[in-house]
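# Working through the structure, step by step
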Amino acid sequence: MIAVITGDIINSQHADTEVWITRLKNLLEKWGSSPLAWEIYRGDEFQFKCSIDDVFWRFLAIKSLIKSQENLDVRMAIGIGEESFSSEKITESNGTAYVNSGRLLNDLKNDGHTVSIKTTNDTVDRDLNILLKWSSKDFDNWTMATAEIIHEMIMNKDITQEDLAKKFTISQSSVSQRLKRANYDLIVETNQYFRKKISEL
């Protein structure tokens, strides 16, 4: 069983494409090679696959990366399922994980939400989608400064608040305030819950 995330950049036409696409490519390259593990296509859409254990953290890493750039946001559909055909290009691979993710992105574009999940279990879908709807009320309203801090925390698990203060040339108390505003401790708990529910599939 694998996770596939299909997404598109919101407001991409109002931003410097070279900046966001370079950052997104650099991030995705940390997790695998293109076009086998990920691809950016049709200008502002992307798809990548990862383990089901990592999918919530990967989703948040992309969300925080894109939200740290002015006027940008991202819509993502998380599909959990099987990979019945693996091609040299991820966009040509197939299986329930891909079908669930691709169809779900179309639904997201119509219902106005920025993230949703489709697994092989309707009960798990219901529980996790309620969780994602509530969480997104926070994630969708991150400031650029908050998103930057969250991204660093996700990508560097051993980073300290002192390290973050030096990196962003702000006080440690400012780092602490941003993490509190972002409900970072709750994000960590949510990731643990997400992994537990997915492991039940």
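Source: prediction; values computed, not measured. Here the residue index of a chain counts from 1 through its sequence in written order. Restriction of local features to residues with pLDDT of at least 70 applies here, the model being predicted, together with a cutoff of 80 or more for giving and counting side-chain atom pairs; totals for whole chains, interfaces and linings are based on all residues. Hydrogen atoms and water are omitted, and side-chain values are computed over all heavy atoms in the structure.

## So, the overall build of the chain
On a plain count of helices and strands, the chain comes out with eight helices and five strands. The helix count covers DSSP runs of H or I at least four residues long, the strand count covers runs of E at least two residues long, and both are numbered beginning at the N terminus. Overall, the chain shows an N-to-C arrangement of helices and strands of β-α-β-β-α-β-α-β-α-α-α-α-α. Note that the radius of gyration is over C-alpha atoms, with the globule rule given as 2.2 Å times the number of residues to the power 0.38. In terms of overall size, the chain behaves like a compact globule, its C-alpha atoms giving a radius of gyration of 16 Å where 201 residues would be expected to give roughly 17 Å. Considering only C-alpha atoms, the chain reaches an extent of 50 × 35 × 30 Å along its principal axes. The 201 residues of the chain split such that 50% are buried. In the chain, the share of contacts with a sequence separation of at least 24, taken over all contacts with a separation of at least 6, comes to 69%. Where accessible areas are quoted, they stem from the Shrake-Rupley method and a 1.4 Å probe; at the residue level, only the protein chains shown are allowed to cover. Working note: accessible area of the chain is about 10,100 Å², and carbon and sulfur atoms make up 45% of it. In this charge count, Lys and Arg are treated as positive and Asp and Glu as negative; neither His nor the chain ends contribute. Every charge is mapped onto a representative atom, which is NZ of Lys, CZ of Arg, CG of Asp or CD of Glu. Each charge class in the chain can be summarised by its mean position, and for the 25 positive and 30 negative side chains these summaries are 2 Å apart. Accessibility here uses a 1.4 Å probe with only protein chains present; expressed as a share of the type maximum, an area under 20% marks a residue as buried, one over 50% as exposed, and anything in between as partly exposed. Residues count as neighbours in contact if any of their non-hydrogen atoms are within 4.5 Å of one another.

## As for helix α3 (residues 96–111)
What a helix should span is 1.5 Å times the count of its residues minus one. Compared with the 22 Å implied by 1.5 Å per residue over 16 residues, the 22 Å span of α3 between its first and last C-alpha is a close match. Residues of α3 that are buried: A97, Y98, N100, S101, L104, L105 and L108. On its buried face, α3 sits against β1 (2–10), β3 (45–50), β4 (73–81) and β5 (115–118). Once α3 ends, the next one or two residues include G112, with phi positive near 85°.

## Overview of the pattern of salt bridges
Note on pairing: side chains with opposite charge can pair once their charged atoms come close. For salt bridges, the criterion is a side-chain nitrogen of Lys or Arg within 4 Å of an Asp or Glu carboxyl oxygen. Scanning all chains against the criterion turns up 16 salt bridges. In this structure, E200 and K197 form a salt bridge, with 3.8 Å as the shortest nitrogen-oxygen distance. Overall, the relative accessible area of 45% leaves E200 in the partly exposed class. Sharing partners across several salt bridges, the network here consists of R126, D127, K196, K197 and E200.

## Re the packing of aromatic side chains
Centres within 6.5 Å are what make two rings of Phe, Tyr or Trp a pair, Trp counting through its six-membered ring; a difference in plane orientation under 30 degrees is then read as stacked, over 60 as edge-to-face, and the rest as tilted. Here the structure, examined in full by the defined rule, presents six aromatic pairs. Summarising the aromatic geometry, the rings of F56 and F194 are spaced 4.9 Å apart at their centres and angled 35° between planes, so their arrangement reads as tilted. Placement of the pair is F56 in helix α2 (residues 55–67) and F194 in helix α8 (residues 184–199), with a sequence separation of 138 residues. For F56, a relative accessible area of 1% corresponds to the buried category. Of the residues examined, F194 reaches a relative accessible area of 1% and is grouped as buried. Ring plane angle 50° and centroid distance 5.0 Å describe the contact between F139 and W142, whose orientation is recorded as tilted. The pair formed by F139 and W142 is uniform in burial state, with each residue classed as buried. Ring pairing ties together the aromatic residues F56, W57, F59, F139, W142 and F194, which thus form one cluster.

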